[in-house]
Protein chains: 2
Amino acid sequence: MNPAIESSLKCWHEIIATGDTGRLRSLLAPDCVFRSPVAYQPYRGADRTELVLATAASVFEDFSYHRRFAEGNDVALEFSARIGETELKGIDLIRFDDEGLITEFEVMVRPASGLQALGEAMARRLGGRL
Amino acid sequence: MNPAIESSLKCWHEIIATGDTGRLRSLLAPDCVFRSPVAYQPYRGADRTELVLATAASVFEDFSYHRRFAEGNDVALEFSARIGETELKGIDLIRFDDEGLITEFEVMVRPASGLQALGEAMARRLGGRL
């Protein structure tokens, strides 16, 4: 894997492990796109992507990554987490550019109860900020 | 990748392309587990996994695979599809044994509208058969 991408992934895992989202913005390409597990329309730009990712990081409890897949500049990271008493599984599909910046971040979550809990928790935290 | 897994994946893609689910059973380990995008509880055994996969294959329209990731005996296949007028994205997380048989098949789908359409379409086709 491209060392710049490897380095960004290491930073991403540190952000998730520590909850220190201050370094998040440095990983995002200015025109990056976030594809939500809940909403059909993507969120465009580093501002909105940063807000969504930082909020999600604060919503999940007992978050941990499991299988990691890589192919070219694309990575798929399997995770499990909890929101209150609702357990969920998910996958982060992340596309990087050659400089290691995130250009696309897509998330899928299962089961339906987990997706619903996530959507509700995100809406509560975000208010109408998106 | 293990040639037995490569061969099973080729067969899986043929099944999806042709809709000929008759060969599906030959790909499943007897004790394989299906993890639904909708339900929390897994479906256990080749009978139920075959029924769910064959039903899903008949429910999706305009189904196509995109990015493919592989790591050891695990594969992640990104897909897009449509159910009526509802577009969705998804991922198949498939684990094989060394003989190329599927031991775990997990599916995640986004967005929420797509997951709901899938759950309703599956429930209609399956009746109470699961």
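Preceding block: the structure.
These remarks concern the structure in this document. (Residues numbered from 1 in each chain as written. Chains lettered and ligands numbered in written order. Predicted model: local features only at pLDDT ≥ 70, side-chain atom pairs only at ≥ 80, totals over all residues. Heavy atoms only, no water.)

### Some points on the relation of the copies chain A and chain B
Reasoning step 1: With an RMSD of 0.0 Å, the operation that places chain A on chain B is a rotation of 180 degrees combined with a shift of 0.0 Å along the axis. The symmetry that links the two subunits is that of a two-fold axis.
Reasoning step 2: A share of 100% of the interface residues of chain A reappears at the interface of chain B, consistent with the copies meeting face to face through the same patch. (Least-squares fit on C-alpha atoms with pLDDT ≥ 70 in both. Contact = heavy atoms within 4.5 Å.)

### What about the pattern of salt bridges?
Reasoning step 1: For the structure shown, the criterion picks out 32 salt bridges over all chains.
Reasoning step 2: Its salt-bridge partner being Asp 74 of chain A, residue Arg 67 of chain B comes within 2.8 Å of it at the nearest N-O pair. In this pair, Arg 67 of chain B sits in strand β3 (residues 61-71) while Asp 74 of chain A sits in strand β4 (residues 74-83), so the two residues belong to two different chains.
Reasoning step 3: The exposure class of Arg 67 of chain B is buried, given its relative accessible area of 15%.
Reasoning step 4: For Asp 74 of chain A, a relative accessible area of 10% gives the class buried.
Reasoning step 5: Taken together, the shared-partner salt bridges connect Arg 35, Asp 74, Arg 95, Glu 104 and Glu 106 of chain A together with Arg 67, Glu 78, Lys 89 and Arg 110 of chain B into one network. (Salt bridge = Lys/Arg side-chain N within 4 Å of Asp/Glu carboxyl O. Helix = DSSP H or I, 4+ residues; strand = E, 2+ residues; numbered from the N terminus. Buried < 20%, exposed > 50% of the residue type's maximum accessible area, 1.4 Å probe, protein only.)

### Concerning unusual backbone geometry
Residues and elements named next belong to chain A.
Reasoning step 1: Cis rather than trans, the peptide bond between Arg 110 and Pro 111 has omega equal to -10 degrees.
Reasoning step 2: By the secondary structure assignment, Pro 111 is in the loop between β6 (102-110) and α3 (112-126).
Reasoning step 3: Backbone geometry places Asp 62, a non-glycine residue, at a positive phi of 50 degrees.
Reasoning step 4: One can find Asp 62 in strand β3 (residues 61-71).

### A closer look at the side chain of Ser 8 of chain B
Residue and element names in this part refer to chain B.
Reasoning step 1: With respect to the secondary-structure elements, Ser 8 resides in helix α1 (residues 3-18).
Reasoning step 2: Note on Ser 8: relative accessible area 9%, which makes it buried.
Reasoning step 3: Discounting residues that sit within four places of it in the chain, Ser 8 has contacts with Leu 27, Phe 96 and Gly 100.

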